[in-house]
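Residue strings, one per chain:
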Amino acid sequence: MTSVLDPSTIGKPKRPRRHVRSLTGYLPEKDESGKERWPRGEETVWKDGYRPLDTSVQSITKSFVNHVQTSLARQVYSLDDLGAYQATALINWNDTQLHMNRKGGKRAYYLSLEFLMGRALDNALLNLGLKDKFEQGTDKLGFNLEDLLAQERDAASQELPVWGYGLRYKYGIFQQLISPDGQQLEAPDPWLENSNPWELPRIDVTYEIRFYGVADRYHDGSGRGVWHGGQEVLAVAYDVMIPGFNTRNTNNLRLWESKPKRGFDLNSFNAGDYERAVESSNSAAAITAVLYPNDHTSFGKELRLKQQYFWTAASLADILRRFKNLGKPITELSDYVAIQLNDTHPTLAIPELMRILLDEEDLPWGIAWKIVTETFFFTNHTVLPEALEKWPVPLLEHLLPRHMQIIYDIVSLAVEQMFPGDRDRFARMSLIEEGFPKNIRMAHLACIGSRKVNGVAELHSELVRTTILKDFVDYYGVGKYVVVCNPRLSELITETLKIPKSAWLKDLSKLQRLLNYVEDEDFQAAWASGLKVDTHALFDVQIKLFMWVHTRVHRARWVLHFFPALLEAEAMQPEERKKAVPRNVFFAGKAAPGCHISQTIRLIVNVARVLNADPDTQDYLRVFFLPDYSVTLAEVLIPASDISQHISTAGTEASGTSNMKFCLNGGLLLGTVDGANIEIAEEVGSSNVFFFGNLTPDVEDLRYQHTYHPIPVEQKSPALAQVLDVITKGLFGDDNVYEPLLNTIRKGDHYLITDDFDSYIEALQMVDEAYEDRTEWTKKSIRTTAKMGKFSSDRAIQDYAQEYWNIESSKVE
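This structure is a prediction, so every number in the text was calculated from the model and none was measured. (Residues numbered from 1 in each chain as written. Predicted model: local features only at pLDDT ≥ 70, side-chain atom pairs only at ≥ 80, totals over all residues. Heavy atoms only, no water.)

Asks: Before we move on, could you go through the overall build of the chain and cite the residues and values that matter?
Replies: Counting secondary structure elements, the chain contains 37 helices and 21 strands. Expressed as a percentage of the 813 residues in the chain, the buried residues total 54%. For the chain, the computed accessible surface area is about 36700 Å², with 52% contributed by carbon and sulfur atoms. (Helix = DSSP H or I, 4+ residues; strand = E, 2+ residues; numbered from the N terminus. Buried < 20%, exposed > 50% of the residue type's maximum accessible area, 1.4 Å probe, protein only. Areas by Shrake-Rupley, 256 points an atom, 1.4 Å probe, with all protein chains shown as cover.)

Put into structure tokens, the structure is as follows:
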């Protein structure tokens, strides 16, 4: 009998079938006695065919040649470095997943739009302890391992049951190029151009994701509804294996790629409408095409919101599928699942889980909301009110109509009931910001829908509690980086401490034993030795991967770094220059597309061009801007630095983990009293850091003064005024190009450049004076590295596991 389709059912939601098995959630069946059944063929034959991890040079070279022949279908005559890299790249992934499924305990899931892990092959060889043997093996085959590692584009060691979820972007944010006049140029950055040998396509793990359409409510007071029609796309899973350090445990990063549900409209094609024939395919593919699309256009805004929902909806569907395989009731979800929201980007997971619990699981509203608020945890990344993510209500109503209904319900059934009758507090805490158009405050939604909220530094958490999320508080009452990028320092530490490398890498507090060698002259000499460069020149580094939240802060503050160089070049006499501490200043960073930070990059490039060509200054001062900043470039710059600068206005920047990486590698810190700078100073001692600038409590008063009682730059900081005049005179190109940037300092000066500049000059002089005593500088460097144990990524993850997620380590034997 011919099967037929009822046209009225097209686009209507259907109950999703239970995911019976998948490559990542399968458990063996058992017989009546409880013994596991072998699913197919002879068990002994299968197990004889299993290959262990290649750990000898001979097995590594044999595996390499086998991959060349079978995986790549190539011969030695046609093999280049790229092919050799692909052949080099599998690990204990299956054993870990089977072990965690058998244990059936609680898991944590980390939702983040980006995972800056560096090169997967290098990290994997380090964690598996096989880098030396792979180096020998590739050398025997005629390849240099470092050349193979360079073929890879930049894109867990506590035995914890944690998965990561993200998007499988085809292109990175962009590849940065610099034009002859210093302007940032943006070229496509094809991450997947040569495929990724570390990822496994999971074609059996797909989920249908809906956009647009119509949401109909039930009128029974349950809060339930039906969402139907609109566009449906497929989320297809790709798994990236993340081997832990010195353990067989291998965790998983699952990335989603968007594909059309029906990729080709044959009727349109036959009618000659070729563009419409592939329209749905192109629309679906665009969702995971580019990391951080420019949201200065309405299309860009919609695409970014699509990305966020697509990723969170697919991830939640996958998490719930894995939970249901345990056979537990949905009301016990928070006992087995903890979901960490990294910043506000995945906040749509909160109304999405509510939609599933209400519309698909038929739970009452109160029970569903209780499950949601016990499942999610939120890390906030900014203390700038203007940088908090917001989405226009009309856009959300158009793209995700059912979720907008649920958000309105959360406002009326959760937020309003916190302080009934207190309209002012309700207006401050509401998820809806009044205006034209109205906006959804994503940080408020993440806060009210999460069990715990934290910042990314102690000061940051305090500012979150006392400023941007104060009303919610009133209601609710980095280790292996040194081995990857600085192997010589790693070996010195291991030899000196006389313990295995794995011991101190898994417990960075053991670095404190280095304090016993601070006065040892032989150790000082070994510590200070490094690459064969001009060691008399101080290496001064500031790097930043600019994202949307950072641009306003750093547009002006970056300028602060190189202004003293202009001042020195103008003021110093030849005899004074001979006495100056030689300094190489390195900048690297990307400006988000469409923002004005590119003016700063242009100015830095042109300052470098002028200073480096000046015979009077080039012997003691050189400035470099290194294009296309990435994790790999950071791995070169960080171990080379003597001093790194982290100079955000006090109280405005969380100060991420880069300052910790610099200090772990022995670089000293120059910065404002802000973010993680404070915690580093508390650990290493204030005598080993160089602070400048105003303190957080003074910032708002100074901004008030700038707004209502401004003082000209010439009066507040004559030295700064002198530098601004040099730029305005056109020494570094057309002065009109830089006027918008300079006016942020002359008018308003929101980030207090004029207030902090003189203090900054004094701090730089302190750095120069300290650097002249190389023995004492080396001691400061040793003390800094020795006291960085608190900032171990392993310790941070264990804190999350114990204090937030309530999960336990489980080692694969």
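Asks: Explain helix α28 (residues 631-640) residue by residue, including any values.
Replies: The buried count for α28 comes to 7 of 10 residues, which makes it a mostly enclosed element. Those residues of α28 lying buried are Val631, Thr632, Leu633, Ala634, Glu635, Leu637 and Ile638.

Asks: How would you summarise the side chain of Ser258 if you had to cite specific residues and measurements?
Replies: Along the polypeptide, Ser258 turns up in strand β9 (residues 250-260). The exposure class of Ser258 is buried, given its relative accessible area of 3%. Only 2.6 Å separates the side chain of Ser258 from the backbone oxygen of Ala284, close enough to count as a polar contact. One polar contact links Ser258 to Thr288, side chain to side chain, over a distance of 2.9 Å. What Ser258 contacts, discounting residues up to four positions off in sequence, is Leu234, Ala284, Ala285, Ile287, Thr288 and Phe310. (Polar contact = N/O pair within 3.5 Å; in protein donor to acceptor, adjacent residues only side chain to side chain. Contact = heavy atoms within 4.5 Å.)

Asks: Can you lay out the confidence of the model for the chain for me, pointing to particular residues and giving the numbers?
Replies: When the pLDDT values of the chain are averaged, the result is 77; 72% of them are 70 or greater. The secondary-structure element of the chain with the lowest mean pLDDT is helix α21 (residues 481-485), recorded at 47, while helix α13 (residues 349-360) shows the highest, at 96. Contacts of residues 475-481 to residues separated by more than four positions or lying in other chains number 29 contacts, the stretch itself having pLDDT below 50. (pLDDT = per-residue confidence, 0-100.)

Asks: Can you explain the sheet that holds strand β13 (residues 432-433)? Please cite residues and give values.
Replies: Strand order across the open sheet formed by 3 strands is β12-β14-β13, with antiparallel pairing between neighbours. Two strands bound the open sheet, and with one partner strand each, they are β12 (390-392) and β13. One ladder, built from 2 bridges, connects β13 with strand β14 (residues 439-441); its direction is antiparallel. Paired with Ile432 across the bridge in β14 is Ile440. (Pairing = 2+ DSSP bridges.)

Asks: Please give an account of unusual backbone geometry that cites residues and values.
Replies: Geometrically, the link from Phe436 to Pro437 is a cis peptide bond, its omega value of -5° lying close to zero. Tracing the chain through its elements places Pro437 in the loop between β13 and β14. With a phi angle near 65°, Tyr212 is a residue other than glycine that sits in the positive phi range. Residue placement: Tyr212 occurs in the loop between β5 (199-211) and β6 (214-217). Accessibility expressed as a relative area gives 18% for Tyr212, which makes it buried. Even without being a glycine, Asp628 presents a positive backbone phi close to 60°. With relative accessibility at 17%, the residue Asp628 sits in the buried group.

Asks: Break down the packing of helix α22 (residues 487-497) against helix α24 (residues 521-528) for me, citing the residues and quoting the values.
Replies: For the pair α22 and α24, interaxial distance at closest approach is 10 Å and the crossing angle is 160°. Taken together, the axis directions place α22 and α24 in an arrangement best described as roughly antiparallel. When you trace α22 past α24, the crossing you get is right-handed. Here Leu489, Leu492, Ile493 and Thr496 of α22 lie close against α24, whose contacting residues are Phe523, Ala526 and Trp527. Broken down by class, the residue content of the contact of α22 with α24 amounts to 6 nonpolar, 1 polar and no charged. (Axes fitted to C-alpha atoms, helices over the stretch in contact; angles between N-to-C directions. Parallel < 35°, antiparallel > 145°, perpendicular 65-115°, else oblique. Left-handed = near helix turned anticlockwise from the far one by under 90°. Nonpolar A, V, L, I, M, F, W, Y, C, P; charged D, E, K, R; others polar.)

Asks: Tell me what's going on with the nonpolar core, and back it up with residues and numbers.
Replies: Grouped together as the largest cluster of nonpolar side chains are 77 residues, with contacts concentrated most on Ile209, Phe211 and Trp256. With 10 residues, helix α11 (residues 298-324) is the largest single contributor of residues to this core. Aside from chain neighbours lying at most four places away, what touches Phe211 is Trp227, Gly229, Gly230, Gln231, Val233, Ile287, Lys306, Tyr309, Phe310, Leu399 and Leu400. (Core = buried A, V, L, I, M, F, W, Y, C linked by side-chain atoms within 4.5 Å.)

Asks: Residues and numbers for the packing of aromatic side chains, please.
Replies: In the structure shown here, the tally under the stated rule is 17 aromatic pairs. Between the aromatic rings of Tyr165 and Trp256, the centroid separation amounts to 6.2 Å while the plane-to-plane angle is 0°, which identifies the pairing as stacked. Of this pair, Tyr165 sits in strand β2 (residues 162-167) while Trp256 is found in strand β9, placing the two residues 91 residues apart along the sequence. There is no split in this pair, since Tyr165 and Trp256 are both buried. An aromatic cluster of at least three residues, connected via ring pairs, comprises Tyr109, Trp163, Tyr165, Tyr207 and Trp256. (Phe/Tyr/Trp six-rings, centres within 6.5 Å; stacked < 30°, edge-to-face > 60°.)

Asks: Break down the environment of Glu519 for me, citing the residues and quoting the values.
Replies: Note that Glu519 resides in the loop between α23 (501-506) and α24. The spatial distance from the C-alpha of Glu519 to the C-alpha of Thr775 is 9.4 Å, given a sequence separation of 256 residues. Every residue in contact with Glu519, bar those within four places of it in the chain, is listed here: Gln524, Lys779 and Arg783.

Asks: Lay out helix α16 (residues 401-415) in plain terms, naming residues and giving numbers.
Replies: In this model α16 runs 20 Å from its N-terminal to its C-terminal C-alpha over 15 residues, within 8% of the 21 Å that 1.5 Å per residue would give. With 12 of 15 residues buried, α16 is to be regarded as a mostly interior element. All buried positions along α16 are accounted for by Pro401, Arg402, His403, Met404, Gln405, Ile406, Ile407, Asp409, Ile410, Val411, Ala414 and Val415. (Expected span 1.5 Å × (residues − 1).)

Asks: Please provide a residue-by-residue account of the pattern of salt bridges, values included.
Replies: Taken as a whole, this structure holds 29 salt bridges when the rule is applied. Salt-bridge contacts for Asp239 lead to Arg202; the nearest nitrogen and oxygen are separated by 2.9 Å. Taken as a pair, Asp239 in strand β8 (residues 231-243) and Arg202 in strand β5 lie far apart in primary sequence, 37 residues in all. Arg202 shares its class with Asp239; the two are buried. Of the charged contacts in the structure, one is a salt bridge between Glu519 and Lys779, with a shortest N-O distance of 2.8 Å. Of this pair, Glu519 sits in the loop between α23 and α24 while Lys779 sits in helix α36 (residues 774-786), and the two are 260 residues apart along the sequence. (Salt bridge = Lys/Arg side-chain N within 4 Å of Asp/Glu carboxyl O.)

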